[in-house]
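For reference, the chains in residue letters:
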Amino acid sequence: MRKGSDSMAPSPRAAGPLVILHMFPELLNLYGDGGNVIALERRLAWRGLPVLVRQVTMRDVDAGQMPDFAQADIVFFGGGADREQLIVKDAIVKARRELASYVADGGVLLAVCGGYQFLGHSYVMGDTAVEGLGIVDMETVRGEGRLIGNAAIQSDICPMPIIGFENHGGRTALGSGARPLGRVLGSAFGNNGEDGFEGVHQGNLIGTYLHGPLLPKNPQVADYLLKQAFERRGDAVELASLDDAVELEANRVMARRLGIVERTDA
Ligand SMILES: NC(=O)CC[C@H](N)C(=O)O
């Protein structure tokens, strides 16, 4: 499965396991967001590709053991309630420099909902402004009521609609320098319920409001991230196709339920 390539210079880690950092799973794990990491892990294992998952918890941070992001291939942040976000905020901002250089170096990062909100300049919850990483030019402000429901978006990373579930009080506005992950389809809310955009996609970073969990429901997004991670380290792995019939049918059923017409070119 692992194909040799002369054209790309492999990094010294190219032959080792793909390293996934799961950030604060004990606090940022709404609606089974941890399933995203399981999906990545399983999709590698099913293909016989080695993977190493490291969970990074508040206990590690308190013990002064932040991971070395330069050794990571994929970093994942799940969603969390405002209360949990307030618990992890300082630990996340402390890693700002390392995370920013990881992203600038093309590191793959997926952040969902509460985790996504941390990528921007700030998340304003009423009277409290939570400082973000400032890696993405965006702001989040908690609004009146919550934006809740099953959702579908169209992104240019894959032909099928991306399906998920959103539930957020924060409204995110992307700055002029930020590109959305996609456009909402049907009656989904997306970043703010107003501009029709959902998430952010910048280099190998994806932020989204979509829980589900996202990757088990959208295997095409999981493989997109894996492909980017292998490419970044110059590892010419060909991702063998897997039997995703059940997942893809579930995706179609939900798209139909949401009144989304299937594209004929997908
Ligand atoms: N689902 C989430 O991760 C929620 C994120 C954030 N606490 C909000 O309500 O906007």
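What counts and what doesn't
Along each chain, residues carry numbers from 1 onward, in the same order as the chain's sequence is written. Totals for whole chains, interfaces and linings use every residue, but because this is a predicted model, local features are given only for residues with pLDDT of at least 70 and side-chain atom pairs only at 80 or more, for both listing and counting. Only hydrogens and water are removed before side-chain values are computed, so all heavy atoms of the structure are retained for them. Only DSSP runs of H or I with at least four residues qualify as helices, and only runs of E with at least two residues qualify as strands; both kinds are numbered from the N terminus onward. Between the two quantities, the radius of gyration covers C-alpha atoms and the globule rule is 2.2 Å times the number of residues to the power 0.38. Any two residues having at least one pair of non-hydrogen atoms within 4.5 Å are treated as being in contact. Counting rule for charge: Lys and Arg are taken as positive, Asp and Glu as negative, and neither His nor the chain ends is counted. Charge placement uses NZ in Lys and CZ in Arg. For Asp and Glu, CG and CD serve respectively. UniProt positions are given in the numbering used here, feature names are shortened, and annotations may be inferred rather than shown by experiment. In protein, a polar contact requires one atom able to donate a hydrogen and another able to accept it; more generally it is a pair of N or O atoms within 3.5 Å, and residues adjacent in sequence count only if both atoms are side-chain atoms. Proximity criterion: a residue is near a molecule or strand once any of its heavy atoms comes within 4 Å of it. Note on areas: Shrake-Rupley, 1.4 Å probe, and residue coverage restricted to the protein chains presented here. When a carboxyl oxygen of Asp or Glu is within 4 Å of a side-chain nitrogen of Lys or Arg, the pair counts as a salt bridge. Three exposure classes are used, based on accessible area relative to the maximum for each residue type with a 1.4 Å probe and protein chains only: buried under 20%, partly exposed in between, and exposed over 50%. Paired strands are those between which DSSP finds at least two bridges. To define axes, lines are fitted to C-alpha atoms, for helices over the stretch in contact only, and angles between the resulting N-to-C directions are given on a 0 to 180 degree scale.

A. Examining the overall build of the chain more closely. When its secondary structure is counted, the chain shows eight helices and twelve strands. Taken over the C-alpha trace, the chain has a radius of gyration of 18 Å; the compact-globule value for 266 residues is 18 Å, and the two agree within 12%. Along the first, second and third principal axes, the C-alpha atoms of the chain reach 55 × 50 × 30 Å. Look at the contacts in the chain between residues 6 or more apart in sequence, and 71% of them connect residues 24 or more apart. Here the chain carries 26 positive and 33 negative side-chain charges, and the mean point of each set is 2 Å from the other.

B. Representation of the UniProt feature "domain: CobB/CobQ-like glutamine amidotransferase" (unreviewed entry) in the chain in the model. Listed under "domain: CobB/CobQ-like glutamine amidotransferase" (unreviewed entry) in the UniProt record, and renumbered for this structure, are residues 20-218. This span, residues 20-218, is 23% helix and 36% strand, and a straight line between its end C-alpha atoms measures 19 Å.

C. Spotlight on the environment of cysteine 158. Note on placement: cysteine 158 falls in the loop between β7 (138-155) and β8 (162-174). Excluding anything up to four places from it in sequence, cysteine 158 contacts Gln220 and Val221.

D. Molecular detail of the UniProt feature "binding site: substrate" (unreviewed entry) in the chain. As recorded in UniProt, the sites labelled "binding site: substrate" (unreviewed entry) are Arg146. Along the chain, the position of arginine 146 falls in strand β7. Once residues lying within four places of it in the same chain are set aside, the contact partners of arginine 146 are Asn167, His168 and Gly169. Separated by 2.7 Å, the side chains of arginine 146 and asparagine 167 make a polar contact.

E. Seen up close, the site of the ligand. Near the ligand there are 16 residues, and of these Asp82, Gln85, Cys113, Arg146 and Gly170 occur at the shortest range. Separating a nitrogen atom of the ligand from a side-chain N or O atom of aspartate 82 is a distance of 2.5 Å. The side chain of histidine 211 places a nitrogen or oxygen atom 2.9 Å from a nitrogen atom of the ligand. For the ligand, the protein covers 99% of the area, taking 300 Å² as the surface of the free molecule. Secondary structure elements with two or more residues in the shell around the ligand: α3 (82-94), α5 (114-117) and β8.

F. Inspection of the pattern of salt bridges at higher detail. Applying the stated criterion across every chain yields a total of 14 salt bridges. Close ionic contact of arginine 233 with aspartate 73 constitutes a salt bridge, the shortest N to O distance being 3.2 Å. Taken together, the residues arginine 233 in the loop between α7 (219-232) and α8 (245-257) and aspartate 73 in the loop between α2 (58-62) and β3 (74-77) connect sequence positions 160 residues apart. Aspartate 73 carries the same exposure label as arginine 233, and that label is buried. Through salt bridges with shared partners, one network takes in Arg43, Arg47, Asp223 and Asp244.

G. Structural view of the sheet that holds strand β1 (residues 18-23). What the six strands build is an open sheet, ordered β2-β1-β3-β4-β12-β11; its pairing is mixed. Bordering the open sheet on either side are β2 (51-56) and β11 (200-202), each of which pairs with just one other strand. Within the sheet, the average angular offset between the axes of one strand and its neighbour, ignoring direction, is 10°. Across the sheet, helix α1 (residues 35-45) lies against β1, β2, β3 and β4 (108-112), angled at about 170° from β1, the strand it touches most.

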